[in-house]
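Each chain is listed here by its residues.
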Amino acid sequence: MTLIQRLLTGTAALGLLAAAPAALAHSQWLLPSATQVEASTNPQRPTYVTVDAASSNGLFYADHNAMRLTNLQISAPDGSPVEAENASTGKLRSTFDVKLATEGTYRIASVNRMVMATWKAGEETKSFRGSEDDFAKQVPANAPELKVSRNFGRVETFVTSGKPSEIKPVGQGLELFPLQPTTDLVVGETAKFRVLMDGKPMPGLKVKVVPGGVRFRGELDEQTVTADAEGTIAVNWKFGGQYYLNTSYPPRPE
């Protein structure tokens, strides 16, 4: 008899600019040099931003490892792919440039998909860890006692050149989807996001909201918000600066 167990797990992290140590151990993040820039009027001199990418203990401080850029996905306002330029990976951080050739909002993400499986081959237990394509090629579909889990992780941020454009849900895995332009995040005003799993709202999921600058502030000062029946969370920014929003499914233990 073949036992197939399909488990879907995922994490979503969203880095934003709004007008930890142990609790955030080795969190991955993307930090652009600017999130709102003027659109260039000279095609020969397009606007650029530089993005730092790292995994660290201190939020937005490169103090652990560089983020690998093999899973980088950058989308122009019309959804077309954009290639990172001048990519470089050092010991503590990676950097790359993004050309903002057209006006609108750009989506910059690191997307990780992984399949893990175990199955029986006679008396031996076999295991697999890799991509979906390799899984289909290397693991027999009718393998005895087959157990499969799929992990999906998404870390992303947004940059707007000139006027913001509509951001559409990706519809794959777990994501935090902004319900207003990311240029309209202002201290004193509530911002709303929707927690989605494969494009569908995820009510009841908790999202941590952590401001950057903890090294100088001296305390994490995080807040936890819970998605309502429509999967919507409301965030009240305490002060201006960089923020890190994080959630996972299944929920991690408190």
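Scope of this entry: the structure provided in the associated data block. (Residues numbered from 1 in each chain as written. Predicted model: local features only at pLDDT ≥ 70, side-chain atom pairs only at ≥ 80, totals over all residues. Heavy atoms only, no water.)

A count of helices and strands for the chain gives 2 helices and 18 strands. In the chain, which comprises 254 residues, the share counted as buried stands at 42%. Summed over all atoms, the accessible surface of the chain reaches about 13,400 Å², with 49% contributed by carbon and sulfur. (Helix = DSSP H or I, 4+ residues; strand = E, 2+ residues; numbered from the N terminus. Buried < 20%, exposed > 50% of the residue type's maximum accessible area, 1.4 Å probe, protein only. Areas by Shrake-Rupley, 256 points an atom, 1.4 Å probe, with all protein chains shown as cover.)

So, about the side chain of glutamine 180. Relative to the helices and strands, glutamine 180 is located in the loop between strand S12 (174-178) and strand S13 (190-197). Reaching out from glutamine 180, the side chain makes a polar contact with the backbone nitrogen of lysine 192 at a distance of 2.8 Å. (Polar contact = N/O pair within 3.5 Å; in protein donor to acceptor, adjacent residues only side chain to side chain.)

Time to look at the pairing of S12. With 5 of 5 residues buried, S12 lies mostly within the body of the structure. Sheet analysis places S12 next to S13, joined by 5 bridges and oriented antiparallel. Looking across to S13, one finds that proline 178 is bridged to phenylalanine 193. (Pairing = 2+ DSSP bridges.)

With that settled, consider the pattern of salt bridges. All chains considered together, the criterion is met by 8 salt bridges. Arginine 150 serves as the salt-bridge partner of glutamate 132, at 2.8 Å between the closest nitrogen and oxygen. Of this pair, glutamate 132 sits in helix H1 (residues 132-138) while arginine 150 sits in strand S11 (residues 147-161), and the two are 18 residues apart along the sequence. Measuring nitrogen to oxygen at the nearest pair gives 3.0 Å for the salt bridge that ties lysine 238 to aspartate 221. You can see lysine 238 sitting in the loop between strand S17 (232-236) and strand S18 (242-249) and its partner aspartate 221 sitting in the loop between helix H2 (214-217) and strand S16 (223-226), a full 17 residues away along the chain. Residue classification places lysine 238 among the partly exposed residues on the basis of a relative accessible area of 43%. Looking at aspartate 221, the relative accessible area reads 22%, which means it is partly exposed. (Salt bridge = Lys/Arg side-chain N within 4 Å of Asp/Glu carboxyl O.)

This structure, assessed with the given rule, holds 5 aromatic pairs. Ring plane angle 75 degrees and centroid distance 5.7 Å describe the contact between tryptophan 29 and phenylalanine 60, whose orientation is recorded as edge-to-face. Within this pair, whereas tryptophan 29 is found in strand S2 (residues 27-32), its partner phenylalanine 60 is found in the loop between strand S4 (47-56) and strand S5 (65-66), the two being separated by 31 residues in sequence. Assessed through its relative accessible area of 10%, phenylalanine 60 is described here as buried. Aromatic pair tryptophan 237 and tyrosine 243: ring centres 4.7 Å apart, planes at 65 degrees, arrangement edge-to-face. Note on tyrosine 243: relative accessible area 1%, which makes it buried. Through a chain of ring-to-ring contacts, the aromatic side chains of Phe193, Trp237, Phe239 and Tyr243 assemble into a single cluster. (Phe/Tyr/Trp six-rings, centres within 6.5 Å; stacked < 30°, edge-to-face > 60°.)

Below, the discussion takes up the pairing of strand S10 (residues 124-130). Summarising the sheet, strand S9 (residues 104-121) and S10 pair through 7 bridges and their orientation is antiparallel. Opposite lysine 120, over in S10, you have threonine 125 as the bridge partner. Taking the residues that link successive antiparallel strands as the turn, the S9-S10 hairpin has 2 residues, and the phi of glycine 122 there is positive, at about 70 degrees.

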